[in-house]
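Residue strings, one per chain:
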Amino acid sequence: MNAIPHDRLEQLQQIQSGLMQGEQIIAVYDAVGVGTGFLGLTDRRVIVQDKSFVGKKVAITSIPYSKITSVSVVSNKSFAGSFFSSGAIAINVGTHVYEMDFRGEQKAHHVHSVILHYISR
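Read on for an overview of the structure.

About the thresholds
- Residue numbers run consecutively from 1 along every chain, following the written order of its sequence.
- Where local features are concerned, this predicted model is filtered to residues with pLDDT of at least 70; where side-chain atom pairs are given and counted, the filter is 80 or more; whole-chain, interface and lining totals use all residues.
- To get the side-chain values, all heavy atoms of the structure are used, and hydrogens and water are removed first.
- Runs of H or I in DSSP of at least four residues are treated as helices and runs of E of at least two as strands, each being numbered from the N terminus.
- Salt bridge, as applied in this entry: a Lys or Arg side-chain nitrogen positioned within 4 Å of an Asp or Glu carboxyl oxygen.
- In this scheme, a residue with accessible area under 20% of its type's maximum is buried, one over 50% is exposed, and one in between is partly exposed, where area comes from a 1.4 Å probe on protein chains only.
- Should any heavy atoms of two residues lie within 4.5 Å, those residues are considered in contact.
- Here a pair means two rings of Phe, Tyr or Trp (six-membered ring of Trp) with centres within 6.5 Å. Their orientation is stacked below 30 degrees between planes, edge-to-face above 60, and tilted elsewhere.

**Some points on the environment of Pro5**
Checked against the element boundaries, Pro5 lands in the segment before α1 (9-17). For the pair Pro5 and Ile26, spaced 21 residues apart in the sequence, the C-alpha separation amounts to 7.3 Å.

Here it is, written out as structure tokens:
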């Protein structure tokens, strides 16, 4: 079995526990920032853990690729012209935007590339 790119084993296991028959995990990345947990990519959907609910509630949201209208890479450029060490992604689903910050731009670009691949088929 190929190793699945992931930041934290417990997040990978949480995604694995909710897979549909035949569904394959592509990657699971930890998100940084307020109200975010992690983002999982499978061959069928994007799975977002959102910790921003009232009363310490956590939502696991499944977003089928067919419902995503666009995906953006959001970059911060410092005044010196170099990039910060984190990358952000914005996923548009109808009128809702899920924004996730990752440790390292390569993770943000990987997420962007995978989503783009599935929504542009």
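**Some details on the pattern of salt bridges**
Within the structure shown, the criterion is met by five salt bridges. Note that Asp30 is salt-bridged to Arg8, the shortest N-O span being 3.6 Å. Residue Asp30 is located in strand β1 (residues 25-32), and its partner Arg8 is located in the segment before α1; the two are separated by 22 residues in the primary sequence. Given a relative accessible area of 7%, Asp30 falls into the buried group. The shortest N-O distance in the salt bridge between Glu23 and Arg45 comes to 2.7 Å. Of this pair, Glu23 sits in the loop between α1 and β1 while Arg45 sits in strand β3 (residues 45-50), and the two are 22 residues apart along the sequence. Counted as one network, the salt bridges with shared partners bring together Arg8, Glu10, Asp30 and Arg103.

**Some words on the side chain of His112**
Tracing the sequence through the fold places His112 in helix α2 (residues 105-119). Judged by relative accessible area, His112 falls into the buried class, the value being 17%. The contact partners of His112, leaving out residues within four places of it in the chain, are Val71, Ser72, Val73 and Ile89.

**Looking at the packing of aromatic side chains**
Throughout the structure, instances matching the rule amount to two aromatic pairs. When the centroid spacing of 6.3 Å and the interplanar angle of 75° are considered together, the rings of Tyr29 and Phe102 count as edge-to-face. Of this pair, Tyr29 sits in strand β1 while Phe102 sits in strand β7 (residues 96-103); the two residues are 73 residues apart in sequence, bridging distant segments of the chain. Taken individually, Tyr29 and Phe102 each receive the classification buried, so the pair is uniform in this respect. Where Tyr65 meets Tyr118, the ring centres are 4.5 Å apart and the plane angle is 15°; that geometry is what we call stacked. Here Tyr65, found in the loop between β4 (59-64) and β5 (68-74), pairs with Tyr118, found in helix α2; they are 53 residues apart in sequence, far enough to count as distant. Like Tyr65, the residue Tyr118 is buried in the burial classification.

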